[in-house]
Amino acid sequence: MSLAHGRPYLAIPGPSVMPDRVLAAMHRAAPNIYEGKLPDMVETLWPDLRRVAGTTQNVALYIANGHGVWEAANMNLFSRGDRALVLATGRFGLSWAESVRALGVTVDVLDFGKSSPVDFDRVETALRADGGAYKAVLCTHVDTASTVRTDVPRLREVMDAVGHPALLAVDCIASMACDEFHMDAWGVDVVVAASQKGLMVPPGIGFVWFSQKARERCRTSDLRTPYWDWAPRADATEFWQYWNGTAPTHHLFGLRESLDMLAEEGMPAVWKRHEVLARTVWAAFDAWGAGSPDIALNVADPAHRGRSVTAARMGAPHATRLREWTEHKGGVTLGIGLGMAAPSEPAYHGFLRVAHMGHVNAHMTLGALAVMEAGMVSLNIPHGQGALAAAARVVGSAV
Ligand SMILES: *Cc1c(COP(=O)(O)O)cnc(C)c1O
C-alpha cells in the first residue's frame with residue numbers, strides 16, 4: 001500500500017515549496033505590460049528586494065535561473081583576459097568557475113573538496129601571490145551539493161588584511177532569505193540569487209545585486225552585451241528596460257506576495273526559523289548515525305553547515321531506496337546526493353539531501369523526518385533510536 005495520497009511535500013533544495021498565497025497571486029489573466037497594475041506594482045518591489053539582501057545599492061533582475069545569473073554577473077564583472085579566483089566548497093563553485101572560464105577569463109580555483117569549509121590560509125596565500133591581478137573573488141555562500149556554508153565576513157577580512165582590490169562576488173542562490181546575509185555590512189560587491197529557492201517563487205527570475213564600487217570598476221568590462229548589461233536594468237526609466245523586453249508577468253505577482261510574506265515574518269525570524277529547522281534535521285541524523293556507522297551528515301562542524309539544506313550519507317544503496325520509499329509511500333520527495341559520486345557508480349546510491357528551504361515549518365520538517373524513519377523501518381535500514389524525540393526536543397526548546 002501507499003500512504004502518499006495527500007498533499008505532496010517536495011523537500012529537494014530547489015525548486016522549493018510554493019506557498020498557496022504565491023500561487024493565488026499568480027493565478028490571474030495576462031496583465032497589461034504598458035500601464036496599470038503590473039508596472040505600478042513592480043515599483044514597490046525594489047526596496048523590499050534590497051532589504052532581503054541587506055543592501056541599499058543596485059539590483060538588476062533577469063528572466064533566468066541560477067546558471068543565467070552566474071552568466072549575468074560574469075559578463076558585467078569581466079573583460080576577456082581578466083583573472084578571477086573561485087573558492088569551491090562542493091559542486092556549485094566549480095560550475096560557476098566553468099561558466100567564467102568559458103568566457104575567456106583566466107580562472108584559478110581553490111577547491112576545498114566535498115565536505116570542508118574554505119581554508120582561509122590558502123585564500124590568503126593565493127591573494128598575496130597574485131599581486132592584485134584578480135578582478136574578483138567568487139564564492140558560494142551555501143553550496144547546495146555539499147551543504148557547506150562559507151564565512152563571508154571572514155573572507156572579507158582576509159581580503160582586506162591582504163589589501164587585495166578584487167571585488168567580492170557571492171552566490172546566494174541556495175541561501176537568500178534562508179541563511180543570514182548582509183551584503184553591505186559584510187562588504188560584498190555582487191550577489192546572485194534565483195526565485196525558486198528561499199524566495200518561494202517558481203524558477204524564472206534571477207537577481208543580481210551589485211555595489212557602486214562594482215558598477216564603477218566594471219564600467220568598461222568588454223564581455224557585456226546589451227541584453228546582460230546590468231546598468232539599464234538597475235536604472236530603468238521605462239518598464240521594458242527592467243527586463244530588456246517582456247516582463248515575467250506572473251512571476252512578479254508571485255514575488256510581490258513572497259516579499260510580503262518575508263516582511264510579515266521579519267528577516268531575523270525567517271533566518272531563525274531556518275536555523276531551528278536545520279538543527280532539527282541534524283539532531284535526527286545524529287541519533288540515526290549513533291546506531292549505524294553508515295549514517296552521517298556530510299559537514300562535520302555545525303558552524304560550517306548551511307541552514308537551508310542538509311547533505312548526508314546512508315550507505316549505498318540505502319539512500320536511493322529510502323528516497324524512493326519516502327516519495328512513493330509517504331509523499332515526501334527528498335533530494336538526490338549531488339556531486340558525491342557519478343550516477344553510474346554504486347556509491348551514488350548512498351547519498352541524499354533534505355531541504356528545509358523557504359516555505360517550511362515545524363510540522364513539515366518533523367513530518368519529513370518521521371516519514372524517513374518509517375522508511376528505514378520498512379526497508380530494514382539499520383539506524384539509531386530516538387531521532388524523532390531528539391528532533392522534537394530541538395523544536396520544543398526553541399519556541
Ligand atoms: C540551485 C543553485 C544554482 C543553480 O541554479 P539553477 O536555477 O538550477 O540554474 C547555483 N548555485 C547554487 C548555490 C544553487 O543552489
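Everything numeric here is computed off the predicted structure, so don't read it as measured data.

About the criteria used
Residues numbered from 1 in each chain as written. Predicted model: local features only at pLDDT ≥ 70, side-chain atom pairs only at ≥ 80, totals over all residues. Heavy atoms only, no water. UniProt positions renumbered as here; feature names shortened; annotations may be inferred. Helix = DSSP H or I, 4+ residues; strand = E, 2+ residues; numbered from the N terminus. Near = heavy atom within 4 Å. Polar contact = N/O pair within 3.5 Å; in protein donor to acceptor, adjacent residues only side chain to side chain. Areas by Shrake-Rupley, 256 points an atom, 1.4 Å probe, with all protein chains shown as cover. Nonpolar A, V, L, I, M, F, W, Y, C, P; charged D, E, K, R; others polar. Pairing = 2+ DSSP bridges. Axes fitted to C-alpha atoms, helices over the stretch in contact; angles between N-to-C directions. Salt bridge = Lys/Arg side-chain N within 4 Å of Asp/Glu carboxyl O. Buried < 20%, exposed > 50% of the residue type's maximum accessible area, 1.4 Å probe, protein only.

Let's talk about the UniProt feature "domain: Aminotransferase class V" (unreviewed entry) in the chain
UniProt's entry tags residues 73-344 with the feature "domain: Aminotransferase class V" (unreviewed entry), counted in the numbering of this structure. Between the C-alpha atoms that bound residues 73-344 there is a distance of 33 Å. The span itself is 38% helix and 17% strand.

Regarding the site of the ligand
Looking at the ligand, there are 13 residues lining it, with His67, Thr144, Asp171, Gln196 and Lys197 nearest. Between an oxygen atom of the ligand and a side-chain N or O atom of Gln196, the distance comes to 2.7 Å. Between Lys197 and the ligand, the recorded distance is 2.7 Å, taken from a side-chain N or O atom to an oxygen atom. With the chains in place, 89% of the 380 Å² that the ligand exposes on its own is no longer accessible. A total of 3 residues in the shell around the ligand trace back to one element, the largest contributor, which is helix 4 (residues 66-77). Of the residues that constitute the shell around the ligand, the class distribution is 5 nonpolar, 6 polar and 2 charged.

Some points on the environment of Arg353
Its place among the elements puts Arg353 in strand 12 (residues 351-355). Spatially, the C-alpha atoms of Arg353 and Arg217 are 39 Å apart, while their sequence positions differ by 136 residues.

What to know about the sheet that holds strand 6 (residues 167-171)
Judged by pairing direction, the sheet is mixed, and its 7 strands sit side by side in the order 2-8-7-6-5-3-4 without closing on themselves. For this open sheet the edge positions go to strand 2 (58-62) and strand 4 (106-111), each flanked by a neighbour on one side alone. Put simply, the sheet's adjacent strands are angled 20° from each other on average, direction ignored. Two elements, strand 2 and strand 8 (residues 206-210), share 5 bridges in a ladder whose sense is antiparallel. Paired with Leu61 across the bridge in strand 8 is Phe207.

What about the pattern of salt bridges?
Under the criterion given, the structure shown has 22 salt bridges. The salt bridge involving Asp82 is made with Lys135; its shortest N-O contact spans 3.3 Å. Of this pair, Asp82 sits in the loop between helix 4 and strand 3 (83-88) while Lys135 sits in strand 5 (residues 134-140), placing them 53 residues apart in sequence. Here the two residues Asp82 and Lys135 agree in accessibility, since each one is buried. Arg154 is the partner of Glu157 in a salt bridge, and the nearest nitrogen-oxygen pair spans 3.3 Å. Here Glu157 pairs with Arg154, and both are found in helix 7 (residues 152-162), just 3 residues apart, close to one helical turn. Within this structure, Asp48, Arg51, Arg256 and Asp260 form a network of salt bridges that share partners.

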